[in-house]
Amino acid sequence: MAEAHQAVGFQFTVTPDGIDLHLSREVLKHIYLSGVTSWTKRAIRFKNGILTGVYPASPSSLLIVVIAIMSTIYARIDPSLGMIDTIKRTMSVSGYMTVQTQTVLSAILFSTGLWLSLILMLRYILKALLSYHAWIFESHGKISFCTKLWLSLVKMLSGRRPLLYSFQTSLPRLPVPSVDDTITRYLESVRPLLDDEQYNQMEVVANDFKKDQAPKLQKYLILKSWWATNYVSDWWEEYIYLRGRSPIMVNSNFYSMDLLYVTPTHRQAARAGNVVHAMLQYRRKLERGEHAPLRALGVVPMCSYQMERMFNTTRIPGIETGEHTAACWGHNTIRLSLGSCMTKYEHAFVHLSSRVPWARARLKYFSQGVNKASLEAIETSAFFLSLDDEAHGYDPDKLRSLDLYAKSLLHGKCYDRWFDKSFTLIAYKNGKLGVNAEHSWADAPIIGHMWEYVLATDCFLLGYTEEGHCKGDINKGLPLPTKLQWDIPLECQEVIEESYMVAKVIADDVDFHGCLFDEFGKGLIKKSRTSPDAFIQLALQLAQFRDKGEFCLTYEASMTRMFREGRTETVRSCTSESTAFVRAMEDKNTALDLFRKAADKHQNMYRLAMTGSGIDRHLFCLYIMSKYLSIHSPFLKQVLSEPWRLSTSQTPQQQLNMVDIKKFPRYVGAGGGFGPVADDGYGVSYIIIGENLITFHISSKFSSPETDSYRFGQNIRQAMLDIRALFDQKDKKEKEM
């Protein structure tokens, strides 16, 4: 009863003498501190809002401008060209305002207007500078004079300590490519996949579209690009993610793994406690905008808007389309999923076999009473924490340890992850961790940024005692976790059971293989004067051909975050140059030259995608526009129905540079992965770690007789070695000469 009394802020008793009121000092103290914290956050947000609003200038620069203008006035010089006198004449003379006061006030108003005009001018100059992308097409190590001058100007205008969102209004808009360029690049991308007759038919359909329907669709799309911040992102989020009706488990969500070789402590509660603390530290810096903006070359800023919905965000399903709900970031609730104590009926309802049953069940069973309160507590919480009762992680002495680890992170038991939450933190009983992330609100680099910060903070700043416990004193005043209450009627339980069985079939069908390639890495690849990403993509093409005996449409994700609210673009990695290289691998004398041509082609396509000249997002938006305008296009319908049988993505590494890999070579992440995109295809995620390690995460489906993730992993390994052999052979010949 003592605990119950302490939980009450005040008590009162009605007596014949009146009301006897008792207040709890401890509770009042917490209420006071909570209010102070809340107002402190508001003050910091207000301050950072001003700093971001006047960027690239600073509030102190206003004082400098005012002093400069006032000095010129007292020197009897009018820099305003009569504007100060005009402002003075509009002010009425009164007993409260002398002529001198009018002059000072007019000068201050003019100075403020001049200051704001200078800010806008600097912002537009910076936006114009950031629209320059020729630097990305220059050869590695060769920087032109124009690019050097451009870098100097960007550095000069970027300020010394920009906040996370300082560059947002200075970022250029994503340009709409010309229809001619997009159609030409599309036809070029499908040429190696079609025979002559098929290609000629496609060329006719594409040219008909370019001549008849495309001009009208393009005009409306350009109009949208003038009005919207980004002509792609809102439609991409809505139609690719939120309107999708299939389960997001496996099909959409992705995962990130813990450190590969190191486990700081094997105590589950201690590791979870440290990491939760690190995540809330990250969130505090995020809501204050204190994280440094990510910048390419240390100069070119990337868009940060995706980070706004990292915490306190949940994907809410609807009958036709979903939406996001975001609670105030001051909400610190973290919900615990106690895997060993939880029944599947308590959580399985969030993973119904498709979005429609869950949307209907939500409206019918979870819109009132204890169910509504419990669901709201989860959906408005900072994130979801699952204390898993299994042990996972990479163990070189255990067969398929990385494979099982990946499957657990991707789908778990189907009911012990909250897949609609922006992300679920998973803590295993052996101290290993992982994250399962919902995809609609952001892309993998955003979660990767947070995850790098958290792991580095956990290991190098917070640390553990010799016994593996968290450091520091125990705060006994913290409230204990509260078990959420649910009232699940029998009818709903039957729907849950049916959906659970569907989800289990999906999960059981996922075939995963984790491949650690440590024969060589980025260091040796760069010595061969080749882009590491191009090297790996060509190895994947060679592995694909050896695995299936044919080429396929290949998807590689690239980012467009150099533009405001940019997300991703597709690089079509299967090209005429790459297929020629693969076919020439039997003749090693010409294969190396073809490899270099294919690598150069791939790198150029990647650069085009990053700079807004990709193919697929433009065609996607033209297709959506055709649907709005009720224009039937056989060409767009065919393009959007083509399956990606090889879907690939590179996980970024060391976005924050918090850990020196050379100094701490074992403190490296294992990257992450995703489920297969096509029923008869592969999903491949890879991360280039340091100079000598590349990790591949390969997924496919057991139900497909054409795929085998382990076999494909071995094909990738052999392809990497065979390509290296080309360079070894060349080096040997040069030494002999």
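Here the structure is a predicted model, which is why all the values come from computation and not from measurement. (Residues numbered from 1 in each chain as written. Predicted model: local features only at pLDDT ≥ 70, side-chain atom pairs only at ≥ 80, totals over all residues. Heavy atoms only, no water.)

1. Digging into the environment of Ser 633
Here's step 1: Of note, Ser 633 is situated in the loop between helix 22 (616-628) and helix 23 (634-641).
Here's step 2: Distance from Ser 633 to His 133, taken between C-alpha atoms, is 33 Å for residues 500 residues apart in sequence.
Here's step 3: Residue contacts for Ser 633: discarding those within four places in its chain leaves Phe 209 and Gln 213. (Helix = DSSP H or I, 4+ residues; strand = E, 2+ residues; numbered from the N terminus. Contact = heavy atoms within 4.5 Å.)

2. Here's the deal with the pattern of salt bridges
Here's step 1: Overall, the coordinates contain 30 salt bridges when judged by the stated rule.
Here's step 2: Across the salt bridge formed by Glu 390 and Lys 413, the nearest N and O atoms sit 3.9 Å from each other. Separated by 23 residues along the polypeptide, Glu 390 in the loop between strand 9 (383-387) and helix 15 (401-411) and Lys 413 in the loop between helix 15 and strand 10 (423-427) bring together distant segments of the chain.
Here's step 3: Exposure remark for Glu 390: the relative accessible area of 31% places this residue in the partly exposed category.
Here's step 4: Taking the relative accessible area as the measure of exposure, Lys 413 reaches 22% and is therefore partly exposed.
Here's step 5: Note that Asp 680 is salt-bridged to Arg 645, the shortest N-O span being 2.9 Å. In this pair, Asp 680 sits in the loop between strand 16 (672-674) and strand 17 (682-689) while Arg 645 sits in the loop between helix 23 and strand 15 (646-650), placing the two residues 35 residues apart along the sequence.
Here's step 6: By sharing partners, the salt bridges in this structure join Asp 388, Asp 389, Glu 390, Lys 413, Asp 416 and Arg 417 into a single network. (Salt bridge = Lys/Arg side-chain N within 4 Å of Asp/Glu carboxyl O. Buried < 20%, exposed > 50% of the residue type's maximum accessible area, 1.4 Å probe, protein only.)

3. Quick notes on the confidence of the model for the chain
Here's step 1: The predicted model of the chain has a mean per-residue pLDDT of 87, with 90% of residues at 70 or higher.
Here's step 2: Throughout residues 336-353 the model reports pLDDT below 50, and contacts reaching past four residues in sequence, or to other chains, amount to 58 contacts. (pLDDT = per-residue confidence, 0-100.)

4. Examining helix 6 (residues 145-157)
Here's step 1: Spanning 13 residues, helix 6 covers 19 Å between terminal C-alpha atoms, matching the ideal 18 Å at 1.5 Å per step.
Here's step 2: Thr 147, Trp 150, Leu 151, Val 154 and Leu 157 are the residues of helix 6 that are buried. Mapping the buried residues of helix 6 onto a view down its axis gives an arc of 135 degrees, with all of them on the same face. Facing away from the buried side of helix 6, by more than 90 degrees, are the exposed residues Phe 145, Lys 155 and Met 156. (Expected span 1.5 Å × (residues − 1). Arc of directions from axis to C-beta.)

5. A closer look at empty space enclosed by the protein
Here's step 1: For the structure on display, the rule yields four cavities of 30 Å³ or more.
Here's step 2: Of all the secondary-structure elements, those providing two or more residues to the lining of the largest cavity are helix 10 (233-242) and strand 14 (568-572).
Here's step 3: By residue class, the composition of the lining of the largest cavity is six nonpolar, seven polar and three charged. (1 Å grid on protein atoms, 1.4 Å probe; cavity = no way out; pocket = protein on both sides within 12 Å on 5 of 7 lines; lining within 4 Å. Points joined across faces, edges and corners; volume = space filled by probe spheres on them. Nonpolar A, V, L, I, M, F, W, Y, C, P; charged D, E, K, R; others polar.)

6. A look at the nonpolar core
Buried together is how nonpolar side chains tend to be arranged in soluble globular proteins.
Here's step 1: The biggest cluster of nonpolar side chains holds 39 residues, and the ones touching the most others in it are Phe 581, Val 684, Phe 696, Ile 716 and Met 720.
Here's step 2: Where this core is concerned, the elements lending two or more residues are strand 12 (510-517), helix 19 (532-548), helix 20 (576-583), helix 21 (588-610), strand 17, strand 18 (693-701) and helix 24 (709-736).
Here's step 3: Met 720 has contacts with Phe 517, Phe 520, Phe 535, Ile 536, Ala 539, Ile 694 and Phe 696, leaving out every residue within four places of it along the chain. (Core = buried A, V, L, I, M, F, W, Y, C linked by side-chain atoms within 4.5 Å.)

7. A word on the side chain of Gln 306
Here's step 1: Note on placement: Gln 306 falls in the loop between strand 5 (300-301) and strand 6 (313-316).
Here's step 2: Since its relative accessible area comes to 2%, Gln 306 is described here as buried.
Here's step 3: Ignoring any residue separated from it by four or fewer positions in sequence, one finds Gln 306 in contact with Trp 441, Ala 442, Asp 443, Ile 446, Arg 561, Gly 566 and Arg 567.

8. Some words on the environment of Leu 629
Here's step 1: Structurally, Leu 629 is set in the loop between helix 22 and helix 23.
Here's step 2: Separated by 165 residues in the primary sequence, Leu 629 and Tyr 464 place their C-alpha atoms 61 Å from one another.
Here's step 3: Discounting residues that sit within four places of it in the chain, Leu 629 has contacts with Lys 216, Leu 217 and Tyr 220.

9. Focus on the UniProt feature "domain: Choline/carnitine acyltransferase" (unreviewed entry) in the chain
Here's step 1: UniProt's feature table lists "domain: Choline/carnitine acyltransferase" (unreviewed entry) at residues 174-322 and 353-718, given in the numbering used throughout.
Here's step 2: End C-alpha to end C-alpha, residues 174-322 measures 25 Å, and it is 48% helix and 8% strand. (UniProt positions renumbered as here; feature names shortened; annotations may be inferred.)

10. Section: the sheet that holds strand 14
Here's step 1: Taken together, six strands build an open sheet; the order of strands is 12-18-17-15-13-14 and the sheet is mixed. Where the open sheet ends on each side, the last strands, each with one partner, are strand 12 and strand 14. Neighbouring strand axes in the sheet, compared pairwise and without regard to direction, differ in orientation by 20 degrees on average.
Here's step 2: Bridge count for strand 13 (residues 554-559) against strand 14 is five bridges, and the pairing is antiparallel. Along strand 14, the bridge assignment pairs Tyr 555 with Arg 572. (Pairing = 2+ DSSP bridges. Axes fitted to C-alpha atoms, helices over the stretch in contact; angles between N-to-C directions.)

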